[in-house]
2 protein chains.
Amino acid sequence: MPVNLHVPARDSLRPVPGVAIGTTMAGIRKANRRDVLVLRLPAGATAAGVFTTNRFCAAPVRVCREHLARSAGAIRALVVNTGCANAGTGAAGLENARRSCDEVARLVGCAPEQVLPFSTGVILEHLPMDRLLPGIGAAVSGLGASDWLDAAEAIMTTDTLPKGASREVEVGGRRVVVTGIAKGSGMIRPNMATMLGYIATDAALPQPLLERWVRDAADVSFNRVTVDGDTSTNDSLVLLASGASGVAIDDDAAPGAAALKAAITEVAQQLAQALARDGEGATKFITIEVERAASGVEAAAVAYAIAHSPLVKTAFFASDPNLGRILAAVGYAGIADLDVDRVDLYLDDVHVATRGGRHPAYREEDGQRVMKQAEIRIRVVLGRGDASTTVWTCDLSHDYVSINADYRS
Amino acid sequence: MPVNLHVPARDSLRPVPGVAIGTTMAGIRKANRRDVLVLRLPAGATAAGVFTTNRFCAAPVRVCREHLARSAGAIRALVVNTGCANAGTGAAGLENARRSCDEVARLVGCAPEQVLPFSTGVILEHLPMDRLLPGIGAAVSGLGASDWLDAAEAIMTTDTLPKGASREVEVGGRRVVVTGIAKGSGMIRPNMATMLGYIATDAALPQPLLERWVRDAADVSFNRVTVDGDTSTNDSLVLLASGASGVAIDDDAAPGAAALKAAITEVAQQLAQALARDGEGATKFITIEVERAASGVEAAAVAYAIAHSPLVKTAFFASDPNLGRILAAVGYAGIADLDVDRVDLYLDDVHVATRGGRHPAYREEDGQRVMKQAEIRIRVVLGRGDASTTVWTCDLSHDYVSINADYRS
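Residues numbered from 1 in each chain as written. Chains lettered and ligands numbered in written order. Predicted model: local features only at pLDDT ≥ 70, side-chain atom pairs only at ≥ 80, totals over all residues.

## A few points about the nonpolar core
One finds A:Val302, A:Ile306, A:Val330, B:Val302, B:Ile306 and B:Val330 to be the most contacted residues of the largest nonpolar core, which totals 287 residues. With residues near it in sequence (within four places) discarded, A:Val330 still touches A:Val302, A:Ala305, A:Ile306, A:Val343, A:Val380 and B:Phe56. (Core = buried A, V, L, I, M, F, W, Y, C linked by C-beta atoms within 7 Å. Buried ≥ 20, exposed ≤ 12 C-beta atoms within 10 Å, placed from the backbone. Contact = placed C-beta atoms within 7 Å.)

Listed below in structure tokens is the structure:
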């Protein structure tokens with residue numbers, strides 16, 4: 001059950017002029033579900049991405065990196081399949097990813113290096129090319145109206161619903177659109193990127209600016225969300241700029257640059273939070289704020305220690321204010337010289353702990369009240385410096401175990 | 001359901017001459033269960049310990065460190081309670097730990113600094129001194145025969161059964177006993193020590209040797225087991241040498257030293273494995289061997305990445321050979337220059353992956369056969385150097401969630 005998350009209304013996901021979308025049901029893994037997506041970009045569009053830091057990265061991630069290095073500024077299409085991650089597949093996996101690009105290139109009329117491939121699903125299995133190649137053909141045949149809800153559906157795995165978000169900004173009297181989609185529910189602890197996320201705008205953005213912006217957006221969105229601490233082999237976030245609006249933004253100082261970057265960041269954050277809201281088995285959406293850390297790295301270490309603790313996560317599932325588990329996680333987060341007497345812990349507005357122990361005014365019923373909410377904010381104040389961070393996560397429920405015990409069956 | 005673990009036969013846990021044991025039911029948290037343990041040592045006995053690295057360490061851990069520093073070589077008693085961890089309790093918690101020592105000291109006739117206190121149970125709650133102090137009195141009154149099974153029962157929290165092990169070695173024609181007990185089932189990722197473990201011998205061992213041996217034993221036992229990755233606030237392992245056998249071993253080169261150290265290590269390993277076998281909700285006991293790593297630190301990082309992955313652990317629970325999840329964990333373990341083409345993965349005798357992908361001869365049914373076993377060995381060969389390590393863990397089941405969602409109720 002996703003936490004305060006709903007299927008986006010179809011017309012709330014604004015088409016991005018210049019970006020054509022095609023999807024199909026190719027039966028990659030299951031029948032009667034969209035599982036192949038093709039995105040076509042106009043000549044002159046730019047694309048930039050950030051990818052998983054997992055050393056066992058999937059074949060398509062390796063091919064994406066190659067193609068972006070060779071064809072930066074000239075990417076013409078993206079192809080995505082769900083149902084099979086094409087990871088842990090060795091040389092044959094690379095060959096299959098390249099063949100997918102060849103097929104898209106042949107059908108849309110560009111070079112294979114101008115196509116970016118993506119896969120998501122089960123690891124250690126080979127792509128069923130006999131079904132994928134015809135699927136690509138069908139998706140390309142259907143290329144047309146920019147229907148992002150179909151696109152969001154076509155990339156789902158264990159997601160319970162499609163995830164998308166849109167913003168509009170005015171630049172010099174002209175409207176610019178930002179629309180993004182993402183998928184991911186388990187194996188979520190993106191590190192430089194998410195499972196799969198695509199954000200497109202119809203502004204014209206030069207390649208170096210796009211590359212900077214995608215990194216900046218990832219750092220405050222997909223790189224700050226975790227479900228189970230498992231960094232996927234396939235994490236990819238791509239930012240696309242079609243240029244079709246005619247609005248060109250050449251650098252950060254250009255009129256509209258700040259507003260557009262903010263819109264892109266908001267879309268990225270909304271999508272990243274959606275991953276945690278729809279985290280496998282999630283019943284609670286949890287925001288962890290760590291303040292007054294000595295560094296951003298330290299703040300993140302504490303936030304992730306809390307976010308990954310199975311004991312903290314099961315206590316949230318049970319609405320049980322067994323909050324010593326949070327202090328224990330702070331204590332093992334790796335800060336060797338942490339002075340626990342300077343640490344404060346809050347649950348929403350409730351002051352739980354101070355000076356190394358329970359706050360004298362803390363009452364169990366106040367903790368209980370907050371724990372029962374569907375959305376909970378944990379705030380840890382370390383009293384060491386000026387750095388802070390925010391991480392989003394969810395609880396650990398019986399359904400997480402059920403979903404992951406049954407995922408392949 | 002513990003995995004291939006049974007209540008030790010009472011007579012299999014050999015008494016350790018010189019060590020007196022007393023237990024009682026003090027109603028610390030629940031009625032009708034042993035929850036206070038006192039161990040009394042003879043004059044001349046030595047004691048050494050290793051403790052949690054958690055910065056939010058419990059009050060009794062702080063007091064243990066103080067007392068060992070002041071009275072090394074002259075410890076006369078240990079007092080342990082279950083039901084309340086006395087962690088996250090600030091200044092009042094320290095005061096309560098000291099009062100427990102005062103009471104034991106008064107009753108057994110020694111200085112408070114010669115008593116080591118230990119607590120385990122819920123964090124962020126204060127010790128109920130009105131029940132603990134009378135309980136200490138009752139346990140001291142009952143001091144007598146060295147009944148280690150009672151002792152093992154008196155320190156349990158969510159453990160489903162008491163854990164103990166014994167060995168005997170012959171030194172110069174004389175028999176020396178080693179007996180140990182431990183508790184721990186959740187919040188298990190000891191770091192320099194375990195939840196609570198006590199190992200005693202009737203050999204006479206000088207303080208410096210004992211301190212070295214307890215560290216060496218912990219490094220290959222309690223520091224190599226994990227249930228949920230949560231390093232407790234109360235982890236403590238103590239090695240006691242009563243000297244009552246009359247066998248004195250002064251250094252590593254002395255006759256019998258190697259045999260005795262091996263016996264101590266075996267007891268420590270058997271107890272550490274028992275923690276994983278009785279891990280909360282465990283249905284499988286998993287041994288993770290990482291070989292040909294560039295360093296021991298690197299080998300441990302890979303082993304723990306696998307051992308802590310909720311996706312790997314749920315796949316084992318389901319007996320589902322979704323083994324790409326293991327490769328994903330290897331890939332995010334933090335080895336920046338890992339060459340995945342040199343990595344091999346085995347499940348018992350089944351060669352699953354090689355050269356960055358699925359082994360050509362690997363068949364799903366072979367993986368399935370091993371996954372169905374109650375005891376499974378994962379072997380990862382990194383192809384980088386000569387270091388290796390072994391880590392023990394268990395799977396992640398519905399019962400883990402149930403136990404930790406209900407722990408306080």
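Now that the structure has been shown, we can carry on.
## Looking at the interface of chain A and chain B
Contact residues are listed per partner, giving 53 residues for chain A and 53 residues for chain B. Those elements that place two or more of their residues in the side of chain A that touches chain B are helix 2 (90-108), helix 8 (310-317), helix 9 (324-331), strand 13 (357-358) and helix 11 (398-406) of chain A. Considering each element in turn, the side of chain A that touches chain B owes the most residues, six residues, to helix 9 of chain A. Considering only residue class, the side of chain A that touches chain B consists of 25 nonpolar, 19 polar and nine charged. (Helix = DSSP H or I, 4+ residues; strand = E, 2+ residues; numbered from the N terminus. Nonpolar A, V, L, I, M, F, W, Y, C, P; charged D, E, K, R; others polar.)

## Describing the packing of helix 8 of chain A against helix 11 (residues 398-406) of chain B
As a packed pair, helix 8 of chain A and helix 11 of chain B sit with axes 8 Å apart at the nearest point and diverge in direction by 70°. One way to sum up the angle between helix 8 of chain A and helix 11 of chain B is to call them roughly perpendicular. Taking contact as the criterion, the partners of A:Leu311, A:Thr314, A:Ala315 and A:Phe317 in helix 8 of chain A are, on helix 11 of chain B, B:Val401, B:Asn404 and B:Ala405. Along the lines of polarity and charge, the residues of the contact of helix 8 of chain A with helix 11 of chain B split into five nonpolar, two polar and no charged. (Axes fitted to C-alpha atoms, helices over the stretch in contact; angles between N-to-C directions. Parallel < 35°, antiparallel > 145°, perpendicular 65-115°, else oblique.)

## A few points about the domain arrangement of chain A
Residue and element names in this part refer to chain A. When its domains are assigned, chain A resolves into domain 1 (10-277) and domain 2 (285-406). Taking the mean C-alpha position of each, domain 1 and domain 2 sit 33 Å from one another. Between domain 1 and domain 2, the residue contacts involve eleven residues of the former and twelve residues of the latter. Per-class residue counts for the side of domain 1 that touches domain 2 are four nonpolar, five polar and two charged. (Domains from an automatic or database assignment.)

## A few points about the relation of the copies chain A and chain B
For these two chains of identical sequence, chain A goes onto chain B by a turn of 180° and a shift of 0.0 Å along the axis, with RMSD 0.0 Å. In symmetry terms, the pair is related by a two-fold rotation axis. Of the C-alpha atoms belonging to chain A, the one lying closest to the rotation axis is found on A:His398, 2.8 Å away. Mapped onto chain B, 98% of the interface residues of chain A again fall at the interface, so both copies present the same surface. (Least-squares fit on C-alpha atoms with pLDDT ≥ 70 in both.)

## Some thoughts on the confidence of the model for chain A
A low pLDDT score tells you not to read the predicted coordinates there in detail. Per-residue confidence for chain A gives a mean pLDDT of 91, with 98% of residues at or over 70. Prediction confidence for the complex, expressed as pTM and ipTM, is 0.84 and 0.80 respectively. (pLDDT = per-residue confidence, 0-100.)

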